[in-house]
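# Remarks on the overall topology
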Amino acid sequence: MSQPHFLVTYDLDGTLVDSAEIVCAVLNQLRHELGKAHLHRENFLPSISLGGEDLIRSTLEVDDHQINFYLTEFRSRYQNFPTPENSIYPHVIETLKELK
């Protein structure tokens, strides 16, 4: 009899890694380009789990017709940031190895 196969899925951001620093860095880049003041991490945290459009709306303070443009730009930049090893939550690597 064959072994059962299982599929385990995880959301990366906020589950396996603390991505808040990268999110804040990208948003501050965009804020700078928009001529807006730099914000600290605590200013962004309430908006991070709202979803992309609401994140852009609340942190970049852009008009609704600009949200999709800035969301695409945010995602493009975010994708190019390396994930720092120190942002990985404790026991994640060991757990993933065990699941593998």
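What comes next is a walk through the structure. No experiment lies behind these values; they were computed from the predicted model shown. (Residues numbered from 1 in each chain as written. Predicted model: local features only at pLDDT ≥ 70, side-chain atom pairs only at ≥ 80, totals over all residues. Heavy atoms only, no water.)

## Topic: the overall build of the chain
- Looking only at helices and strands, one finds five helices and zero strands in the chain.
- If you list the helices and strands of the chain from N to C, you get α-α-α-α-α.
- Relative to the 2.2 N^0.38 estimate, which gives 13 Å for 100 residues, the radius of gyration of the chain is 17 Å and therefore markedly larger than a compact globule would have.
- Projecting the C-alpha coordinates of the chain onto the three principal axes gives extents of approximately 60 × 30 × 25 Å.
- A buried classification covers 27% of the 100 residues belonging to the chain.
- Considering only contacts within the chain whose residues lie at least 6 apart along the sequence, 61% involve residues at least 24 apart. (Helix = DSSP H or I, 4+ residues; strand = E, 2+ residues; numbered from the N terminus. Rg over C-alpha atoms; globule rule 2.2 N^0.38 Å. Buried < 20%, exposed > 50% of the residue type's maximum accessible area, 1.4 Å probe, protein only. Contact = heavy atoms within 4.5 Å.)

## Considering the packing of helix H3 (residues 52-60) against helix H4 (residues 67-80)
- For the pair H3 and H4, interaxial distance at closest approach is 9 Å and the crossing angle is 100°. Between H3 and H4, the angle is such that the two are roughly perpendicular. Every residue of H4 that contacts H3 at Gly-52, Glu-53, Leu-55, Ile-56, Arg-57 and Leu-60 is listed here: Ile-67, Asn-68, Tyr-70, Leu-71 and Phe-74.
- Counted by class, the contact of H3 with H4 contains seven nonpolar, two polar and two charged residues. (Axes fitted to C-alpha atoms, helices over the stretch in contact; angles between N-to-C directions. Parallel < 35°, antiparallel > 145°, perpendicular 65-115°, else oblique. Nonpolar A, V, L, I, M, F, W, Y, C, P; charged D, E, K, R; others polar.)

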